[in-house]
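# Inside the fold
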Amino acid sequence: GSLFAEAPVRWTPWVSSSQWVEATLEGVTTHVDISVLHGEAVGIRLKTMGTTLVSGDTGTLDAYAYDQFNNEWTELVEVWEIMEQMAGNWLIPQSSYADFEAVIVGDWTVRATYMHEGTIAMSDEVVFTVLPGPLSSISVTGHGSQLTADENVNLNPVTRDLNQNLLSTDMLRWFIWD
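What this report covers is the structure whose coordinates are included nearby. Note that the structure is a prediction, hence the values are computed from the model and not measured.

Further remarks concern the overall build of the protein. When you go through the protein residue by residue, the secondary structure sums to zero helices and 16 strands. Over its C-alpha atoms, taken along the principal directions, the protein stretches across nearly 110 × 40 × 20 Å. Counting across all 178 residues of the protein, residues that qualify as buried make up 25%. Put simply, the protein shows about 12,400 Å² of open surface, and 53% of that area lies on carbon and sulfur atoms. Side-chain charges of the protein comprise 6 positive and 24 negative groups, with the mean position of each set lying 3 Å from the other.

The next point concerns the pattern of salt bridges. Per the stated rule, a full pass over the model turns up four salt bridges. A salt bridge links Glu 72 to Lys 47; its shortest N-O distance comes to 2.7 Å. Taken as a pair, Glu 72 in strand S8 (residues 72-74) and Lys 47 in strand S5 (residues 43-47) lie far apart in primary sequence, 25 residues in all. Residue classification places Lys 47 among the partly exposed residues on the basis of a relative accessible area of 35%. Each of Arg 45, Lys 47 and Glu 72 takes part in one network of salt bridges that share partners.

Moving on to the side chain of Asn 71. Relative to the helices and strands, Asn 71 is located in the loop between strand S7 (58-66) and S8. Reaching out from Asn 71, the side chain makes a polar contact with the backbone nitrogen of Ser 16 at a distance of 3.0 Å. Residue contacts for Asn 71: discarding those within four places in its chain leaves Trp 14, Val 15, Ser 16, His 38, Ala 65 and Tyr 66.

Attention now moves to the pairing of strand S9 (residues 79-82). Going residue by residue along S9, you find Trp 80 and Ile 82 tucked away on one face and Val 79 and Glu 81 left uncovered on the opposite face. Pairing of S9 with strand S12 (residues 106-116) involves four bridges; the strand directions are antiparallel. Paired with Val 79 across the two strands is Thr 113, which belongs to S12.

With that settled, the discussion passes to the packing of aromatic side chains. Across all of its chains, the model carries three aromatic pairs by this definition. On the basis of an interplanar angle of 20° and a centroid distance of 6.0 Å, the ring pair of Trp 14 and Phe 69 is categorised as stacked. Placement of Trp 14 in the loop between strand S2 (10-12) and strand S3 (18-25) and of Phe 69 in the loop between S7 and S8 is noted, with a sequence separation of 55 residues between them. Overall, the relative accessible area of 40% leaves Trp 14 in the partly exposed class.

For the rest of this paragraph, the subject is the sheet that holds strand S14 (residues 135-139). Ordered by their spatial adjacency, three strands build an open sheet running S14-S15-S16, and the pairing between neighbours is antiparallel. Both edges of this open sheet fall to S14 and strand S16 (166-167), since each of them pairs with a single strand only. Pairing of S14 with strand S15 (residues 158-161) involves four bridges; the strand directions are antiparallel. Each bridged residue has a counterpart across the sheet, and for Ser 137 the counterpart in S15 is Arg 160.

This part is about the pairing of S15. Residues Thr 159 and Asp 161 line the buried face of S15, whereas the alternating positions Val 158 and Arg 160 sit on a face that is not buried. As paired elements, S15 and S16 share two bridges and run antiparallel to each other. Considered in S16, the bridge of Thr 159 is made with Leu 167.

What counts and what doesn't
Note on numbering: residues in each chain are counted from 1, in written sequence order. Residue-level local features of this predicted model are given only where pLDDT is at least 70; pairs of side-chain atoms are given and counted only at 80 or more, and the full residue set underlies all totals for whole chains, interfaces and linings. Based on all heavy atoms of the structure, the side-chain values leave hydrogens and waters out of the count. Numbering of helices and strands starts at the N terminus; helices are DSSP runs of H or I of at least 4 residues and strands are runs of E of at least 2. Each residue's exposure class comes from its accessible area (1.4 Å probe, protein chains only) as a fraction of the maximum for that residue type: buried when under 20%, exposed when over 50%, partly exposed otherwise. Here the Shrake-Rupley method, with its probe set to 1.4 Å, supplies the accessible areas, and only the displayed protein chains count as covering residues. Charge assignment in this entry is limited to Lys and Arg as positive and Asp and Glu as negative, and neither His nor the chain termini are counted. Charged groups are reduced to one reference atom each: NZ for lysine, CZ for arginine, CG for aspartic acid, CD for glutamic acid. What makes a salt bridge here is a side-chain nitrogen of Lys or Arg within 4 Å of a carboxyl oxygen of Asp or Glu, nothing more. Residues adjacent in sequence count toward polar contacts only when both atoms are side-chain atoms; beyond that, a polar contact is any pair of N or O atoms within 3.5 Å, and within protein one must be able to donate a hydrogen and the other to accept it. Contacts: residue pairs with any heavy atoms within 4.5 Å of one another. Should DSSP find at least two bridges between two strands, the strands are taken to pair. Centres within 6.5 Å are what make two rings of Phe, Tyr or Trp a pair, Trp counting through its six-membered ring; a difference in plane orientation under 30 degrees is then read as stacked, over 60 as edge-to-face, and the rest as tilted.

What follows is the structure in structure tokens.
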């Protein structure tokens, strides 16, 4: 905090916590305990453990309001939303946090809006990057085809994860049985 040695002497705290101020003169000391609460909210901040998720995983977002000295406290959010229109119901909102379920590969923006004292809207956003999950299925075309030795068949391999995201087929190992 800041101490202003003027008439009257003033002390301005910065951090919300239990604090004390002492004054000493000629070996005599006085001690004042003060409980400092957070100040007026000036913004909202979303925090998560990581923004890169694998399809099938879940990321939790926690909402915190903060004051001019960056003191934070858990805050209730009025609106949680995924900004991209093609997103599904992948957001499970609670009062002060939300769980984002990673489904489709891509970048997905989650926004939280907090109404301070019912009038001042404050918001923050986090962008999650969803990567493909582990291999779940392989399909190829051509099963049951009949052709002559002069022809060929396109196998068109398709690999997908559990949420039907396409995966690379470059690593497939092929075997032929005659």
